[in-house]
Amino acid sequence: KNEVEQSPQNLTAQEGEFITINCSYSVGISALHWLQQHPGGGIVSLFMLSSGKKKHGRLIATINIQEKHSSLHITASHPRDSAVYICAVESGGTSYGKLTFGQGTILTVHP
Amino acid sequence: DAGITQSPRHKVTETGTPVTLRCHQTENHRYMYWYRQDPGHGLRLIHYSYGVKDTDKGEVSDGYSVSRSKTEDFLLTLESATSSQTSVYFCAISDWRGTEAFFGQGTRLTVV
């Protein structure tokens, strides 16, 4: 079993829909990251969370430390949101910021 | 955008040849990482550095070595490239545990 599990693996939506991507992890963590990768592109950090909730524009990220679960929400989705969304965790202790990644969720938003 | 540059961006090399990938940062961040990304495996840690001359192995370090002689540069070397090392390689930097990570644009390496 992977330390970091994302669901769904693939997600197709119509423009304007509300989208949720889930991430569950099995280890104690010091932080959780949500990353975005466009096809053929680099990786961009969206959020870094250690507790609670963060919002940036149409994106919202939440984390429940007790349940070892995080969600990434996209409100009013747009075709430019089409990308791979990756959850990654930093383990607790002396991790030096090393990340363990989920497999990614491929999001396609149709106009 | 964080100042992190990978070179080369694309490389095709033959089996058995040595290859060095370079990661250069202008952020003065302490921590640097090399990851590889493969279909079905996602991103996995190869090696990381927690300071000049301080490096350690990650999850998939076999066949790779690294060096960091100054803060801004982190080199990844494939001593004798194999086809299984065909991948996309990403460098990342961070300032401290629990802070945002910044990624380079990636290097697509093909070993033929």
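Counting of residues starts from 1 at the beginning of each chain's written sequence and follows it residue by residue. By the order in which they are written, chains take letters starting at A while ligands take numbers starting at 1. For this predicted model, a pLDDT threshold of at least 70 governs which residues receive local features, and a threshold of 80 or more governs which side-chain atom pairs are given and counted, while totals over whole chains, interfaces and linings are taken from all residues. The basis for every side-chain value is the complete set of heavy atoms in the structure, and neither hydrogens nor water enter the calculation.

Caption draft 1: Structural context of the side chain of B:His47. Residue and element names in this part refer to chain B. By the secondary structure assignment, His47 is in strand E5 (residues 42–51). A 1.4 Å probe rolled over the protein chains alone gives each residue an accessible area, and that area as a share of the maximum for its type sets the label: buried under 20%, exposed over 50%, partly exposed in between. For His47, a relative accessible area of 6% translates into the label buried. Pairs of N or O atoms are called polar contacts if they sit within 3.5 Å, as long as, within protein, a hydrogen donor faces a hydrogen acceptor (for residues adjacent in sequence, only side-chain-to-side-chain pairs). A distance of 3.2 Å separates a polar side-chain atom of His47 from the backbone oxygen of Asp56. Within the local environment of His47, its side chain forms a polar contact with the backbone oxygen of Tyr64, the two atoms lying 3.2 Å apart. Sequence-distant contacts of His47, defined by excluding residues within four places in its chain, comprise Tyr33, Trp34, Asp56, Lys57, Gly58, Ser61, Tyr64, Ser65, Val66 and Phe74. A run of H or I in DSSP becomes a helix once it reaches four residues, and a run of E becomes a strand once it reaches two; helices and strands are each numbered from the N terminus. Only heavy atoms enter the contact rule, under which two residues are in contact if any of them lie within 4.5 Å.

Caption draft 2: A look at the environment of A:Ser82. All names here are of chain A. With respect to the secondary-structure elements, Ser82 resides in the loop between strand E8 (69–74) and strand E9 (83–91). Spatially, the C-alpha atom of Ser82 lies 4.6 Å from that of Thr108, the residues being 26 residues apart in sequence. Within the structure, the side chain of Ser82 is placed 2.9 Å from the backbone oxygen of Pro79, a separation counted as a polar contact.

Caption draft 3: Summary view of the pattern of salt bridges. Residue and element names in this part refer to chain B. Here a salt bridge means any side-chain nitrogen of Lys or Arg lying within 4 Å of a carboxyl oxygen belonging to Asp or Glu. The full count for this structure, using the stated rule, is five salt bridges over all chains. Here Asp38 makes a salt bridge to Arg36, at a shortest N to O gap of 2.8 Å. You can call Asp38 buried: its relative accessible area is 9%. The closest approach of N and O atoms between Arg44 and Asp38, which form a salt bridge, is 3.0 Å. Take Arg44 and Asp38: they sit in the same class, and that class is buried. Overlapping salt bridges bring together Arg22, Lys70 and Asp73 as one network.

Caption draft 4: Inspection of the interface of chain A and chain B at higher detail. Residue-level contacts link 20 residues of chain A with 20 residues of chain B. Buried surface area refers to the total accessible area, computed with a probe of radius 1.4 Å, that the two partners give up upon joining, counted for both partners together. When chain A packs against chain B, close to 1800 Å² is buried across both sides, 59% of that on carbon and sulfur atoms. The largest share of the area that chain A buries against chain B comes from A:Ile43, A:Tyr96 and A:Phe101, three residues that together contribute 35% of it. Here chain A is connected to chain B by zero salt bridges. Seen at the junction of chain A and chain B, the total is seven residue pairs in polar contact (both at pLDDT 80 or more). Elements supplying a minimum of two residues to the side of chain A that touches chain B: strand E4 (29–37), strand E5 (43–49) and E9 of chain A.

Caption draft 5: A look at the state of the cysteines. Two cysteine sulfur atoms form a disulfide, by the criterion used here, when they sit within 2.5 Å. Within the structure shown, the criterion is met by two disulfides over all chains. The side chain of A:Cys23 participates in a disulfide bridge whose partner is A:Cys87; the two sulfur atoms lie 1.9 Å from each other. Linking A:Cys23 and A:Cys87, the disulfide has an S-S dihedral of approximately -65 degrees and is accordingly described as left-handed. Separated by 64 residues along the polypeptide, A:Cys23 in strand E3 (residues 19–25) and A:Cys87 in strand E9 bring together distant segments of the chain. Side by side, A:Cys23 and A:Cys87 carry an identical accessibility label, which is buried. Across the disulfide, B:Cys23 is cross-linked to B:Cys91 (sulfur-sulfur distance 1.9 Å). One quick way to see it: the torsion about the S-S bond of B:Cys23 and B:Cys91 is about -75 degrees, and its sign makes the bridge left-handed. Here B:Cys23, found in strand E3 (residues 19–25), pairs with B:Cys91, found in strand E9 (residues 87–94); they are 68 residues apart in sequence, far enough to count as distant.

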